[in-house]
Amino acid sequence: MSATRALWWGIAFSAAFTALIAWLGDLNLRGWQLAPDRPGMWYEWQLLEPSFWSRFTAWGGYVLHQVAFWAVIAYAQKQRYTYSASIRPINAIALGVNAAFILLHLAQTHFFYDGLAQDVPEWTAQWSVILLLILILIMENPRRGLFFGAKVGALAEPARIARKYHGYYFAWASIYTFWYHPMEWTSGHLMGFLYMFFLLLQGSLFFTRAHTNRYWTIVIEVMVLIHGVMVAVMNASDNWQMFGFGLAGIFVVTQAHGLGLRPWLRWAIAGIYVALIVGYYSSAGWANFPVVLRILVGEYVAVPILAMLILLIAWPFRRRIA
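One structure accompanies this document, and this report is about it.

Criteria and cut-off values
- Residues numbered from 1 in each chain as written.
- Predicted model: local features only at pLDDT ≥ 70, side-chain atom pairs only at ≥ 80, totals over all residues.
- Heavy atoms only, no water.
- Salt bridge = Lys/Arg side-chain N within 4 Å of Asp/Glu carboxyl O.
- Helix = DSSP H or I, 4+ residues; strand = E, 2+ residues; numbered from the N terminus.
- Buried < 20%, exposed > 50% of the residue type's maximum accessible area, 1.4 Å probe, protein only.
- Lys, Arg positive; Asp, Glu negative; His and termini not counted.
- Contact = heavy atoms within 4.5 Å.
- Axes fitted to C-alpha atoms, helices over the stretch in contact; angles between N-to-C directions.
- Parallel < 35°, antiparallel > 145°, perpendicular 65-115°, else oblique.
- Left-handed = near helix turned anticlockwise from the far one by under 90°.
- Expected span 1.5 Å × (residues − 1).
- Core = buried A, V, L, I, M, F, W, Y, C linked by side-chain atoms within 4.5 Å.
- Phe/Tyr/Trp six-rings, centres within 6.5 Å; stacked < 30°, edge-to-face > 60°.
- Nonpolar A, V, L, I, M, F, W, Y, C, P; charged D, E, K, R; others polar.

1. As for the pattern of salt bridges
Enumeration according to the criterion identifies 6 salt bridges in this entry. For the salt bridge of Glu140 with Arg163, the shortest nitrogen-to-oxygen distance reads 3.2 Å. Highlighted residues: Glu140 in helix α4 (residues 122-144) and Arg163 in helix α5 (residues 156-180), separated in sequence by 23 residues. Of the residues examined, Glu140 reaches a relative accessible area of 12% and is grouped as buried.

2. Brief notes about the side chain of Glu299
Here Glu299 shows up in helix α10 (residues 290-314). Buried and unpaired, Glu299 has Arg144 as its nearest opposite-charge partner, separated by 8.4 Å. Non-local contacts of Glu299, meaning those with residues more than four positions away in its chain, are made with Leu133, Ile134, Leu137, Leu247 and Ile250.

3. Quick notes on the packing of helix α2 (residues 52-78) against α5
In helix packing, the relevant descriptors are the interaxial angle and the interaxial distance, both defined with respect to the helix axes. Where α2 meets α5, the axes come as close as 10 Å, and the angle between the chain directions of the two elements is 160 degrees. The orientation of α2 with respect to α5, classified from their angle, is roughly antiparallel. Here α2 and α5 pass one another in a crossing that is right-handed. Across from Thr57, Ala58, Gly61, Tyr62, His65, Gln66, Phe69, Trp70, Ile73, Ala74 and Gln77 in α2, the residues of α5 making contact are Lys164, Tyr165, Gly167, Tyr168, Ala171, Trp172, Ile175, Tyr176, Phe178 and Trp179.

4. Some points on helix α1 (residues 3-28)
Since one α-helical turn is 3.6 residues long, residues separated by three or four positions face the same way. Between its first and last C-alpha atoms α1 spans 36 Å; for 26 residues at 1.5 Å apiece the expected length is 38 Å, and the two agree. Those residues of α1 that are buried lie in contact with α3 (89-112), α6 (187-204) and α7 (214-234).

5. Quick word on the environment of Trp286
Within the fold, Trp286 resides in the loop between α9 (263-284) and α10. Looking at Trp286, the relative accessible area reads 42%, which means it is partly exposed. Among residues more than four places away in sequence, those in contact with Trp286 are Ile277, Val278 and Tyr281.

6. What to know about the nonpolar core
Met183 and Tyr195 are the most contacted members of the largest nonpolar core, which has 92 residues in total. Among residues more than four places away in sequence, those in contact with Met183 are Phe17, Ile21, Leu29, Ile102, His105, Leu106, Thr109, Phe178, Phe193 and Phe197.

7. Observations concerning the packing of aromatic side chains
Tallying each qualifying case throughout the model produces 31 aromatic pairs. Between Phe13 and Phe17 the ring centres are 5.6 Å apart and the planes differ by 35 degrees, which places this aromatic pair in the tilted class. Of this pair, Phe13 and Phe17 both sit in helix α1, separated by 4 residues, roughly a single helical turn. A relative accessible area of 35% means that Phe13 is categorised as partly exposed. By way of ring pairs, the aromatic residues Tyr43, Trp45, Trp59, Tyr62, Tyr169, Trp172, Tyr176 and Tyr180 are connected into one cluster.

8. So, the environment of Met1
The topology assignment puts Met1 in the segment before α1. Measuring from C-alpha to C-alpha, the distance between Met1 and Ala85 comes to 8.9 Å, with 84 residues separating the pair along the chain. Residues in contact with Met1, not counting those within four places in the same chain, are Ala6, Trp9, Ser86 and Ile87.

9. Thoughts on α6
Taking 1.5 Å of rise per residue, the 18 residues of α6 would be expected to cover 26 Å, and the 26 Å separating its terminal C-alpha atoms lies within 8% of that figure. Burial of α6 is extensive: 17 of the 18 residues sit out of reach of the surface.

10. As for the side chain of His211
Summarising the element assignment, His211 is placed in the loop between α6 and α7. When neighbours within four sequence positions are excluded, His211 is seen to be in contact with Tyr83, His166, Gln202, Leu205, Phe206 and Thr217.

11. Examining the environment of Pro50
Within the element layout of this structure, Pro50 appears in the loop between α1 and α2. Looking at Pro50, the relative accessible area reads 27%, which means it is partly exposed. Discounting chain neighbours no more than four positions away, the residues touching Pro50 are Arg55, Asp114 and Gln118.

12. Regarding the packing of α2 against α3
Where α2 meets α3, the closest approach of the two axes is 10 Å, and the angle between their N-to-C directions is 175 degrees. One element, α2, and the other, α3, form an angle in the roughly antiparallel class. Between α2, through Trp53, Ser54, Thr57, Ala58, Gly61, Leu64, His65, Ala68, Phe69, Val72, Tyr75 and Ala76, and α3, the contact on the second element is made entirely by Ile90, Ile93, Ala94, Val97, Asn98, Phe101, Leu104, Gln108 and Phe112. For the contact of α2 with α3, the per-class residue count stands at 15 nonpolar, 6 polar and no charged.

Quick look at the structure:
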């Protein structure tokens, strides 16, 4: 099967399964007794009285999923494949592994409910994905640059290392976050699981041309914007501007420059972005504007830090990864 066809079938499966989560959740997830809300950062979708089996099934499913997919990646890397227009048997195995554990997690939610959230803080799941997105900025720098198409030469070596080994981190970030949440049917959960399905699909199509399709990969990057705004609105939070304008700013500054758009169109997008910010804050007041910079500036500050960390981790193994 061609990789493009597999990608489309994977997208269809992801959408259909997200709809299934919503349908089954409405039927069966209303009776669980959840822990009461607490002040501060608190993930409320966890049992008030967790059991041995709720923990065992969540952690057991996560560990089995993680080890299985890491094993698939390790096998594929040892084969030294080149990028192909068609999927290989190992891609089919990867797709099957992820589909099986998606089904398992759905069953686990309905029989035992809890995810990993019962035992680990919410910021771990959030930061696993944040670092994933920052890693993409580093990896894509040689192709699309970091600031309005301008490439940062110092990121060339970290990008090379990350491209070679990123699959292991991406697999951890997506699978850990996937098992962190029960398969609830709120709008935020549904968008989050659709995003996780896309990440698992992307990871399964390694060494195929679909894996590097710039339009598909930009969908994965931009979905974070939609999910972030949706969750903020759902929680009646005033931080939707931080996610909306902040993540949109990263698209304007970096991501839009990898799509092959004409220069005038890229600058038109930038102009529209600035006009939207000026229009909104001129009406709402500029006191809250600094929240936009938390993500917009924060991710670019994090890029050199993560790049240096990659070099430090790789230093003892420099001969092996040369």
